[in-house]
Amino acid sequence: MLRRTFLAGLTSIPAAARAAAPVRVVASFSILADLVRQVGGDAVAVESLVGPDGDAHVYEPRPKDLRTLLAAGLLVRNGLGLEGWMDRLTESAGFKGRVVVAAEKVVPRTMNENGGVLATDPHAWQDPRNAVLYVQAITEGLIAVDAANAAAYRDRAAQYTTQITQADAWIATTLGAIPADQRRIITTHDAFGYYGARYGIEFLSPEGINTEFEPSAKSIAALVAQIKREKIRAVFIENMTSPRMAQMLARETGAALGGTVYSDALSPAGGPAATYLNMLRHNTTLFAAAMRPG
Ligand SMILES: [Zn+2]
């Protein structure tokens, strides 16, 4: 019944209005939604399933998401095992649109999780060079569903890529000034591996690359000992996880709380990290301040 009403609604839209209507795109989480907006501009209407400050690892889709997905022509997801809930959602929705796996061309980073299991790190967007690959994949996806705007998408993608590359150079310069023995940061979960590999910063965290599993008392104790031994000075809260772990680590070790960084989600509009580029600037400014000797 719902479906019939929906289709009847579609056929009543005049042809001219249909042609001018923006392409409806669904992104799995807020960072991807921003990348799509930057490339798509006014030609796209983007919705994010996991919103600002949300956790894309453990999201539970709602009935509303099925309708959002069915109305979309393009779905953009990260891949690399981030959205474990996505296949079930697209199957239940019977989604027939085009799917972009943004991280498709990324060389994945693997790491040992608790217990020595080798796991793929999904947080590739934290290296801006990977974000350039995301933008390429998104641009190709948009052109595939909306060839009429191909030139506009390519132009916007080229301009945005220049901005990402400039941000990358600025981060490299800013963090390049930090002495080698200060290049360590504590975060709640292991979301900054790609960022750390790109800029030569070591990130340590009690939780692994997935927020799904609670760290053991033993691994927390080992991290506390390491923070004290190596005199690591700052612990960061992440916007999309509980602040309690970072607060506890700071209390146990005497390390300072360095503030809130944005790992797997943007801030709401008006916040300090409402776009991908602002997220990079905000995080880097806080990380640099915490590591700078003074
Ligand atoms: Zn994460």
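In this text, all values refer to a predicted model and were calculated from it rather than measured experimentally.

(A) Region of the structure containing the coordination of the zinc ion. For the zinc ion, every protein donor is listed as His 57 (NE2), His 123 (NE2), His 189 (NE2) and Asp 264 (OD), and the spread of their distances is 1.9 to 2.0 Å. For the zinc ion, the 4 donor atoms are set out with angles of 94 to 117 degrees between them, so the coordination reads as tetrahedral. A residue is classified by how much of its surface remains accessible, and His 189, at 0% relative accessible area, is buried.

(B) Structural detail: the domain arrangement of the chain. Each assigned domain of the chain is listed with its residue range as follows: domain 1 (14–166) and domain 2 (172–291). The partner domain 2 presents 30 residues to the 37 residues of domain 1 that form the contact. Between domain 1 and domain 2 the total buried area reaches about 2700 Å² when both faces are included, carbon and sulfur atoms providing 57% of it. Run the count over domain 1 and domain 2 and you get 0 salt bridges. Counting across the domain 1 and domain 2 interface gives 15 residue pairs in polar contact (both at pLDDT 80 or more). The set of elements that each furnish at least two residues to the side of domain 1 that touches domain 2 consists of helix H3 (30–40), strand S5 (109–112), strand S6 (118–121), helix H6 (128–145) and helix H7 (150–176). No other element matches H3, which puts 5 residues into the side of domain 1 that touches domain 2. Residues belonging to the side of domain 1 that touches domain 2 are distributed by class as follows: 18 nonpolar, 11 polar and 8 charged.

Definitions and cut-offs
- Residues numbered from 1 in each chain as written.
- Predicted model: local features only at pLDDT ≥ 70, side-chain atom pairs only at ≥ 80, totals over all residues.
- Heavy atoms only, no water.
- Donors = N, O, S within 2.8 Å, 3.2 Å for Na, K, Ca; no water.
- Tetrahedral: all angles 85-135°; square planar, octahedral: opposite > 155°, others 65-115°.
- Buried < 20%, exposed > 50% of the residue type's maximum accessible area, 1.4 Å probe, protein only.
- Domains from an automatic or database assignment.
- Contact = heavy atoms within 4.5 Å.
- Buried area = accessible area lost by both parts, 1.4 Å probe.
- Salt bridge = Lys/Arg side-chain N within 4 Å of Asp/Glu carboxyl O.
- Polar contact = N/O pair within 3.5 Å; in protein donor to acceptor, adjacent residues only side chain to side chain.
- Helix = DSSP H or I, 4+ residues; strand = E, 2+ residues; numbered from the N terminus.
- Nonpolar A, V, L, I, M, F, W, Y, C, P; charged D, E, K, R; others polar.

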